[in-house]
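Tertiary structure, described
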Amino acid sequence: MTNSIDPNTDPLAASAAEPETSNDPVAALGRQLADLEARYAEMSDAYLRAKADAENTRRRADEEVSKARKFSIENFAENLLPVMDSLEAAVARPDATPTQVLEGVHATLRQLAAALERSKVIEINPPAATKFDPHQHQAISVVPADQDANTVVAVLQKGYLIADRVLRPALVTVAAAKA
């Protein structure tokens, strides 16, 4: 014979096995407090995890920005290395004739122009009679000319853009207004 208690026949065992369903306000508040504490612990844990994720994301983003700044010039430098090689080769030939030097300078200039083009550096070299643009041109002088006022007469020094941002404006002379 087993000594187990059957909750169906023993009223004391039945009341101990059933959850308390009385209208005791203290017990109800205790259960509510326990539920709220559990929810608080869950929310607190979720908050700490979200905060850690946000900090990790921010740290990774900062590292990426730092790497981008550090290596942003890498492609440009790689494009300029052949130009450097050409200049070093020219200096290494002290016996070159002026014609050979001039040919080398022209070849090196083409290399440099190609390197700048690959790096999205665009030349600002307005033709004569182009309307003066203060965003891309810098007027060095105003001269009387047989063309419309406020137009480029001559380019003294080319300017350059990179991604639509002016690195250096073109230095130009501008036609004066006719009196």
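Above: the structure in question.
The structure contained in this document is the topic of the report that follows.

Parameters at a glance
Residues numbered from 1 in each chain as written. Predicted model: local features only at pLDDT ≥ 70, side-chain atom pairs only at ≥ 80, totals over all residues. Heavy atoms only, no water. Pairing = 2+ DSSP bridges. Helix = DSSP H or I, 4+ residues; strand = E, 2+ residues; numbered from the N terminus. Axes fitted to C-alpha atoms, helices over the stretch in contact; angles between N-to-C directions. Core = buried A, V, L, I, M, F, W, Y, C linked by side-chain atoms within 4.5 Å. Buried < 20%, exposed > 50% of the residue type's maximum accessible area, 1.4 Å probe, protein only. Contact = heavy atoms within 4.5 Å. Polar contact = N/O pair within 3.5 Å; in protein donor to acceptor, adjacent residues only side chain to side chain. Expected span 1.5 Å × (residues − 1). Bend = angle between axes of the 7 residues up to and from the residue. Salt bridge = Lys/Arg side-chain N within 4 Å of Asp/Glu carboxyl O.

On to the sheet that holds strand β2 (residues 137-143), then. With mixed pairing, three strands are arranged side by side in an open sheet as β2-β6-β3. Two strands bound the open sheet, and with one partner strand each, they are β2 and β3 (152-157). Pairs of neighbouring strands in the sheet enclose a mean axial angle of 30°, with direction left out of account. Note: β3 against strand β6 (residues 170-175), four bridges, orientation antiparallel. Bridged to Ala154 within β6 is Thr173.

A few words on the nonpolar core. Residues Ile124, Phe132, Val152, Leu161, Ala170, Val172 and Val174 constitute the largest nonpolar core, which totals seven residues. Excluding residues within four positions of it along the chain, Phe132 makes contact with His137, Gln138, Ala139, Asn150, Thr151, Val152, Val172 and Val174.

Moving on, we come to the side chain of Thr151. Position of Thr151 among the secondary structure elements: in the loop between β2 and β3. Among the polar contacts made by the side chain of Thr151, one reaches the side chain of Gln147 at a distance of 2.9 Å.

With that settled, the discussion passes to the sheet that holds strand β5 (residues 165-168). Sheet architecture is open: three strands sit in the order β1-β4-β5, paired in antiparallel fashion. The open sheet has two edge strands, β1 (121-124) and β5, and neither has a second partner. When strand polarity is set aside, the average angle formed by the axes of neighbouring strands in this sheet is 35°.

End to end, helix α3 (residues 74-91) covers 25 Å across 18 residues, agreeing with the expected 26 Å (1.5 Å per residue, within 8%). The largest bend in α3 comes to about 30°, at Leu80, with the proline Pro82 one to four residues further on.

Here we take up the pattern of salt bridges. According to the stated counting rule, one finds five salt bridges in the structure shown. The salt bridge involving Asp45 is made with Arg49; its shortest N-O contact spans 3.0 Å. Pair noted here: Asp45 and Arg49 are both in helix α2 (residues 25-71), with a separation of four residues, about one helical turn. Classification of Asp45 as partly exposed rests on a relative accessible area of 38%.

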